[in-house]
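Residues per chain, in single letters:
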Number of protein chains: 6
Amino acid sequence: MTRKDGRAPNDMRPISFERGFTKNAPGSVLASFGDTRVLCTATFVDGVPNFLQGKGQGWMTAEYSMLPSSTNRRKARDRTGRVDGRSVEIQRLIGRSLRAVMDFKQMNERTIWLDCDVLQADGGTRTTAISGAWVALHDLLMDMDRCRILRGWPLVGQVGAVSVGRVAGEELCDLDYSEDSVAEVDFNVVMTGDQEFIEVQGSAEGAPFSRPALDAMLEMSASGCLEIFKAQKAALGIE
Amino acid sequence: MTRKDGRAPNDMRPISFERGFTKNAPGSVLASFGDTRVLCTATFVDGVPNFLQGKGQGWMTAEYSMLPSSTNRRKARDRTGRVDGRSVEIQRLIGRSLRAVMDFKQMNERTIWLDCDVLQADGGTRTTAISGAWVALHDLLMDMDRCRILRGWPLVGQVGAVSVGRVAGEELCDLDYSEDSVAEVDFNVVMTGDQEFIEVQGSAEGAPFSRPALDAMLEMSASGCLEIFKAQKAALGIE
Amino acid sequence: MTRKDGRAPNDMRPISFERGFTKNAPGSVLASFGDTRVLCTATFVDGVPNFLQGKGQGWMTAEYSMLPSSTNRRKARDRTGRVDGRSVEIQRLIGRSLRAVMDFKQMNERTIWLDCDVLQADGGTRTTAISGAWVALHDLLMDMDRCRILRGWPLVGQVGAVSVGRVAGEELCDLDYSEDSVAEVDFNVVMTGDQEFIEVQGSAEGAPFSRPALDAMLEMSASGCLEIFKAQKAALGIE
Amino acid sequence: MTRKDGRAPNDMRPISFERGFTKNAPGSVLASFGDTRVLCTATFVDGVPNFLQGKGQGWMTAEYSMLPSSTNRRKARDRTGRVDGRSVEIQRLIGRSLRAVMDFKQMNERTIWLDCDVLQADGGTRTTAISGAWVALHDLLMDMDRCRILRGWPLVGQVGAVSVGRVAGEELCDLDYSEDSVAEVDFNVVMTGDQEFIEVQGSAEGAPFSRPALDAMLEMSASGCLEIFKAQKAALGIE
Amino acid sequence: MTRKDGRAPNDMRPISFERGFTKNAPGSVLASFGDTRVLCTATFVDGVPNFLQGKGQGWMTAEYSMLPSSTNRRKARDRTGRVDGRSVEIQRLIGRSLRAVMDFKQMNERTIWLDCDVLQADGGTRTTAISGAWVALHDLLMDMDRCRILRGWPLVGQVGAVSVGRVAGEELCDLDYSEDSVAEVDFNVVMTGDQEFIEVQGSAEGAPFSRPALDAMLEMSASGCLEIFKAQKAALGIE
Amino acid sequence: MTRKDGRAPNDMRPISFERGFTKNAPGSVLASFGDTRVLCTATFVDGVPNFLQGKGQGWMTAEYSMLPSSTNRRKARDRTGRVDGRSVEIQRLIGRSLRAVMDFKQMNERTIWLDCDVLQADGGTRTTAISGAWVALHDLLMDMDRCRILRGWPLVGQVGAVSVGRVAGEELCDLDYSEDSVAEVDFNVVMTGDQEFIEVQGSAEGAPFSRPALDAMLEMSASGCLEIFKAQKAALGIE
């Protein structure tokens, strides 16, 4: 099968992380996987949720939203208090994924907010969001460190995420919308910089999938994450 | 490690499916995995959601809720329109899982409702719900078949779900609440009767997990599902 | 007129109170009046509502809900923040009725929650709920007493409730759904163990009713409550 | 016991119904029981609720609300979608009470709205509302009759409502706020012009009440309603 | 052009402010501009919003609502939490306008509530509301002064508001509904007693308007406000 | 007074309109007035609101929202159904302003959505939004024209908006946040390309303002709009 943009099955789309995209948030990154563009920002506020009060440590929470114009067909805003189940699911995933590499004991009672707003959607918005949020989080923590409001460095690992799927019986990496919308299996994998898993989420959209197919997709996602880790470091100018 | 109830690491808790638990829904099953008890009911209403209207086929949707008294600490009801993200996530999982084995072309424009209400929670409510919902769905479809309102038999496979996790470095099957609340990894697997995957969802609650740990949990979940499939068939008196 | 199940006009349906129905709430009773089954649980939390803070006494509040599958036609959940007026009315009635026999000065600043969840509806859900909630409350208070967190015994009386109505010109006791749906008058009476009234609520559904008809219904409800009181005591093994 | 305003126990406060209080609604009545003043309006819109569509008859629904400034302590508006249980209960009572004297087959598929807005509250707002709504309804129907949009005259009876209660062991009629706030029993009775009951709602606020006390309150409410019926007719200039 | 009621283009409708219209709020004024009647009340509660806490000064907030029966076509209540944008806009205008003449340092940490409830609408409800709210506010402050709970007199100016517009190419003052509904330009002006501007809000409903038209409407509104100031003082018996 | 960025009192900040900023909406413009950046998109959907159905013409509606990270202090999302009054007010202004130059009879029954999402806020977000929305609308209409789904060209004029204000007694054009937050008067003016007014909204934030001050601000806004019109045309490459 030939992919629309000529990619090989295990190729990622072009990845970029544009830091300092807006000026008011200490961490502000426009993350792009191909035509998918997500503005990921990181800020903090004083205080922590009720269940943590008085424990003397920090917390982190995430929100995800798509701009109405980010999709081909205008998407209504979440204004009426109605539950958009998909957004809820995704922002919970983003929060869990990034919390997995945070040592909150290195922070005082402050809450970090990761806001992931999709400006343009072309498949893989959640994986783009997680990967970009990590860069924004890094920038925020650097800023907090400069202001001497951290106890120690809380970020204990790198985080990247990639979607893989099976289209017409073949495993593909980093699906764009045209591929995603016809995929038989949809897999999202979140990994740490030392190649361990934070989240593995696979759904059979069409037919159930076998263990060998699952194994193939896990392999593919590991190699995709390597490219993301490289791009994140390049953007931050580290290593 | 010895488990509280003397189980081996890959043992399931006692499984039961009590059919006809309430009389108003055609499918009504009290599903129990140990002390976790979920009332799973299946009913149908005429009509389908907007995006399917006029296509001449059926649909299925699921709702999940915990009774306030089902947990140790009373849980507030979802009455105020606030989003309980966890419930949203779970009911979307239930719906996707059971839809994976339905051939909706065998139904007219009707929507099946699967309601999973947790009466008593002791870990694994979502996997108990999915496994019980399959039995309730089977009963509903038998009833619809008797009423001659199906085109053909729409249920193309069996569905079971199991939670596995890693506690104190060891993989365990079908965690109860005391185990689940200290698990380092939380894995939920939904499988078909012929051992293929419908959903694979694993989260690192504490530390990230390696590929070998992932493989061990997948093995364990497959063997757990075999027990569930047996119990479902016994309850239905088939095979 | 002959009743569907052969009862005399002033007969109650079979009454049962199954204690310890679920294990997480200290008071957990499956109350049944015929085919109507309501899970009544009693739990407590620390603290009282604003208007009572600092007065050094307790409080009690009730919630009532029907499971979607409890009725013949699936009932949508109260999730969207919309007001289901009937549920609001009923839970206010339950709360008032049980508070009438509580001496809150015997408790510290704690709030008792009575949750009445209808598993199966066949008429008289509110009277079944009130009668069962009293048993659950008794169990909770026994438990609190054992834990020595009461000042004195706060339950100063017994509470039972019964519905009566007029169908085809004749007064009937404890209507089932088939009778209730065609009743001309719908009456709910809540009484104390020493035969005084806590609540009297009668509505003309069809034609207005005369004073003699009202008197007949009050007599009938008093005799119905006697049976409930007996069943409650038997379930608790008292007297 | 002497009442604040010198009334005998079974005296009503001064009653008035000021018709045409506002000009946009065909029925618009400022109803006063002493210092309690409720603006009762009656209007109609085309169409009926779903459950009545196609049956070729009319319907009537009621809403009740208190202006924020109507009480001594400012009452927050019902704007946030929160349930004010008391308002829900009262407006359901108003609707049921007035529907009891309507023959909806005399109307086409139109819905009458009764809006009862409390301008000034001093006890008995719901009984003032019901009594005033009947006058407003009469005016609306006269107007519809003049416009020849009724099949026949749908109003088959007169409706009045009165509150009675027991204060310091004595039964009192038409309680004002100072009496109502210390009442041991709170009783609201809705009657038809020919002295039959539409609604009987009594609650023990303090101690339960005996059958003789109940009988005394029913007697008192019947005599109170007679005065209301007279005042309604005088306002309408009938009989 | 001749106006329906014979007014000259720059004539106001008859203005009246009926003080003490209801008895529970210290300031309670029925304000009328012709057939438009708005109940304006002023009350206070202890405390201030979060952003002012601890600053030792007062605050004022306003709410505006139309009774369902105030318009020709019944207006649904704001109960469902839906945003009625127009009401939001108007109540923000009322709040800003009256705050402009308040010296909150003369008050302790208390919040004044201005409630403007439209009983009857015939155009110009917001300007009637602002003008009447000023009288109600004056009455409230007099009452607070009598109770010695002010530091000094906080009301530093008089406030009136008028609507002007262009109908069929001609500027008109204080439009009634029949004029307002066909106006090409809709202008609301809020002024202080010494003829300075607090708010100027003009919208082209049909065609855009020129600078000379704008100037003509500003002149007209200034002369309209003079009449309002006179009527306010007459109602209060000052000057 | 010297302005932070060296501007003269009647200077605008640098203006830019970056067309095609995102790819899914036919009109997508990143509008910047200095550091204020608003993403303005224009899309259409089939159908019109109820009040226009069957009239055979089009409609246009606008929504305005600030990204949580657009301000210095993180702004909570409008997700809970709570009313953010300021956003409601602004989006109503945007809608009215752009509708003033549309001839909806040139469209079939379609609704144009203008979405204005603030990416970065530094004062004047509503005027930047209106000015940018006009460019996005122009692009959308060109696209609809190319697709031959317009009857004629519906855009009958150009629209620009500017904020002016008085700071420390001096009138300033196009205030940034540091100026806006201390302004005594806040004025927003929306004009057409031929120098007529669509909206004039001025509020005294501190002290009321005189007629000469008002005149000075109107002059200033007219000259500011001229610059905007020039920039809009340059961006579109017209004239």
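The rules behind the values
Residues numbered from 1 in each chain as written. Chains lettered and ligands numbered in written order. Predicted model: local features only at pLDDT ≥ 70, side-chain atom pairs only at ≥ 80, totals over all residues. Heavy atoms only, no water. Least-squares fit on C-alpha atoms with pLDDT ≥ 70 in both. Contact = heavy atoms within 4.5 Å. Pairing = 2+ DSSP bridges. Helix = DSSP H or I, 4+ residues; strand = E, 2+ residues; numbered from the N terminus. Axes fitted to C-alpha atoms, helices over the stretch in contact; angles between N-to-C directions. Salt bridge = Lys/Arg side-chain N within 4 Å of Asp/Glu carboxyl O. Buried < 20%, exposed > 50% of the residue type's maximum accessible area, 1.4 Å probe, protein only. Buried area = accessible area lost by both parts, 1.4 Å probe. Polar contact = N/O pair within 3.5 Å; in protein donor to acceptor, adjacent residues only side chain to side chain. Core = buried A, V, L, I, M, F, W, Y, C linked by side-chain atoms within 4.5 Å. Nonpolar A, V, L, I, M, F, W, Y, C, P; charged D, E, K, R; others polar. Expected span 1.5 Å × (residues − 1).

**Student:** Tell me about the relation of the copies chain C and chain D, and name the residues and values.
**Tutor:** The operation relating chain C to chain D is a screw motion whose rotation component is 180°, with 0.0 Å of axial translation and a residual RMSD of 0.0 Å. On this basis, the relationship between the two copies can be described by a two-fold rotation axis. The rotation axis passes nearest to the C-alpha of Gln201(C) in chain C, at a distance of 2.2 Å. In this assembly the copies share their binding face: 100% of the residues contributing to the interface of chain C also contribute to that of chain D.

**Student:** So, the sheet that holds strand 4 (residues 59–66) of chain D: which residues are in play, and what are the values?
**Tutor:** All names here are of chain D. Here five strands make up an open sheet; going across it, the order is 1-2-3-5-4 and the pairing mixed. With one partner strand each, in any of the chains shown, strand 1 (15–19) and strand 4 form the two edges of the open sheet. For this sheet, the mean inter-axis angle between neighbouring strands, taken without regard to orientation, is 20°. Taken together, the eight bridges between strand 4 and strand 5 (residues 110–120) define a ladder with parallel strand orientation. What sits directly across from Ser65, in strand 5, is Asp117. Sheet contacts for helix 1 (residues 85–99): strand 4 and strand 5; angle to strand 4, the most-contacted strand, approximately 145°. Sheet contacts for helix 4 (residues 211–236): strand 1 and strand 2 (27–33); angle to strand 1, the most-contacted strand, approximately 25°.

**Student:** So what's going on with the pattern of salt bridges? Which residues, and what values?
**Tutor:** All names here are of chain B. If you walk through the whole model with that rule in mind, you get 138 salt bridges over all chains. Two residues, Arg7 and Glu179, come together in a salt bridge whose shortest N-O distance is 3.7 Å. Of this pair, Arg7 sits in the segment before strand 1 (15–19) while Glu179 sits in helix 3 (residues 177–180), and the two are 172 residues apart along the sequence. A single burial state applies to Arg7 and to Glu179, both of which are buried.

**Student:** Just give me the short version of the arrangement of the chains, but keep the residues and values in it.
**Tutor:** Considering only C-alpha positions, the minimal separation of the non-contacting chain A and chain C is 7 Å. Across the gap from chain A to chain D, with no contact made, the nearest C-alpha atoms are 10 Å apart.

**Student:** Report on the interface of chain C and chain D, specifying residues and quantitative values.
**Tutor:** Note: interface size is frequently given as the accessible area lost on complex formation between the parts. With 26 residues of chain C at the interface, the matching set in chain D holds 26 residues. Buried area between chain C and chain D, summed over both chains or domains, comes out near 2,600 Å², and the portion from carbon and sulfur atoms is 50%. When the buried area of chain C at its contact with chain D is split by residue, Glu89(C), Phe197(C) and Arg211(C) rank highest and sum to 23% of it. Viewed at the interface, chain D and chain C are joined by eight salt bridges. Among the ionic pairs, Arg211(D) bridges to Asp215(C), the shortest N-O distance being 2.7 Å. Within the residue set of the side of chain C that touches chain D, elements represented by two or more residues are helix 1 (85–99), strand 9 (197–204) and helix 4 (211–236) of chain C.

**Student:** Can you break down the side chain of Asn24(C) residue by residue, with the values?
**Tutor:** The residue Asn24(C) is located in the loop between strand 1 (15–19) and strand 2 (27–33) in this model. Classification of Asn24(C) as buried rests on a relative accessible area of 12%. Polar contacts involving the side chain of Asn24(C) include one to the main-chain carbonyl oxygen of Ser70(B), which spans 2.7 Å. Only 3.4 Å separates the side chain of Asn24(C) from the backbone oxygen of Ala121(B), close enough to count as a polar contact. Leaving out residues up to four positions away in the same chain, Asn24(C) has contacts with Ser69(B), Ser70(B), Thr71(B), Asn72(B), Gln120(B) and Ala121(B).

**Student:** Provide a residue-level description of the nonpolar core, including the pertinent values.
**Tutor:** Across soluble globular proteins, you tend to see nonpolar side chains buried next to one another. Grouped together as the largest cluster of nonpolar side chains are 135 residues, with contacts concentrated most on Leu98(A), Phe187(A), Phe209(A), Leu98(B), Phe187(B) and Phe209(B). Sequence-distant contacts of Phe209(A), that is, excluding residues within four places in its chain, are made with Arg166(A), Val185(A), Phe187(A), Gly202(A), Ser203(A), Ala204(A), Leu214(A), Met217(A), Glu196(B), Phe197(B), Ile198(B) and Val200(B).

**Student:** Quick rundown of the interface of chain F and chain A? Include the residues and the values.
**Tutor:** Counting from both sides, the interface comprises 34 residues of chain F and, opposite them, 35 residues of chain A. Seen at the junction of chain F and chain A, the total is 12 salt bridges. At the level of elements, strand 3 (36–46), strand 4 (59–66) and strand 5 (110–120) of chain F are the ones that each hand at least two residues to the side of chain F that touches chain A. With six residues, the top contributor of residues to the side of chain F that touches chain A is strand 5 of chain F. Residue classes in the side of chain F that touches chain A are distributed as 10 nonpolar, 13 polar and 11 charged.

**Student:** Any chance you could break down the relation of the copies chain F and chain A for me, citing the residues and the numbers?
**Tutor:** Rotating chain F by 180° and moving it 0.0 Å along the rotation axis overlays it on chain A with an RMSD of 0.0 Å. Of the residues that chain F buries at the interface, 100% are likewise interface residues in chain A, meaning the two copies contact each other through the same surface.

**Student:** Residues and numbers for the pairing of strand 9 (residues 197–204) of chain E, please.
**Tutor:** The buried count for strand 9 of chain E comes to eight of eight residues, which makes it a mostly enclosed element. Relative to strand 9 of chain E, strand 8 (residues 185–192) of chain E runs antiparallel, the two sharing seven bridges. Its bridge partner being in strand 9 of chain E, Val189(E) is matched across the sheet by Val200(E). Hairpin remark: strand 8 of chain E followed by strand 9 of chain E, antiparallel, with four residues in the connecting loop; positive phi at Gln195(E), about 65°. Relative to strand 9 (residues 197–204) of chain F, strand 9 of chain E is paired through five bridges, and the arrangement is antiparallel.

**Student:** Tell me about the environment of Ala133(A), residues and numbers included.
**Tutor:** Residue and element names in this part refer to chain A. Tracing the sequence through the fold places Ala133 in helix 2 (residues 125–146). By relative accessible area, which is 1% here, Ala133 ends up buried. Distance in space between the C-alpha atoms of Ala133 and Ser16 is 13 Å, their sequence separation being 117 residues. For Ala133, the contacting residues outside a window of four places in its chain are Cys40, Leu98, Leu114 and Cys116.

**Student:** Residues and numbers for helix 4 (residues 211–236) of chain E, please.
**Tutor:** Helix length check: helix 4 of chain E (26 residues) gives 37 Å between terminal C-alpha atoms against 38 Å at 1.5 Å per residue, within 8%. Where helix 4 of chain E terminates, the next one or two residues include Gly237(E), which has phi positive at roughly 65°.

**Student:** Provide a residue-level description of the sheet that holds strand 9 of chain F, including the pertinent values.
**Tutor:** Sheet architecture is open: eight strands sit in the order 7(E)-6(E)-8(E)-9(E)-9(F)-8(F)-6(F)-7(F), paired in antiparallel fashion. Two strands bound the open sheet, and with one partner strand each, they are strand 7 (170–173) of chain E together with strand 7 (170–173) of chain F. Here the average twist between neighbouring strands, direction ignored, is 15°. Most of the contacts of helix 1 (residues 85–99) of chain F go to strand 9 of chain F, to which it runs at about 150°, and overall it touches strand 9 of chain E together with strand 6 (159–167), strand 8 (185–192) and strand 9 of chain F. The strands touched by helix 2 (residues 125–146) of chain F are strand 6, strand 8 and strand 9 of chain F; relative to strand 6 of chain F, the strand with the most contacts, the crossing angle is about 165°.

Just distances and angles here, no functional claims.
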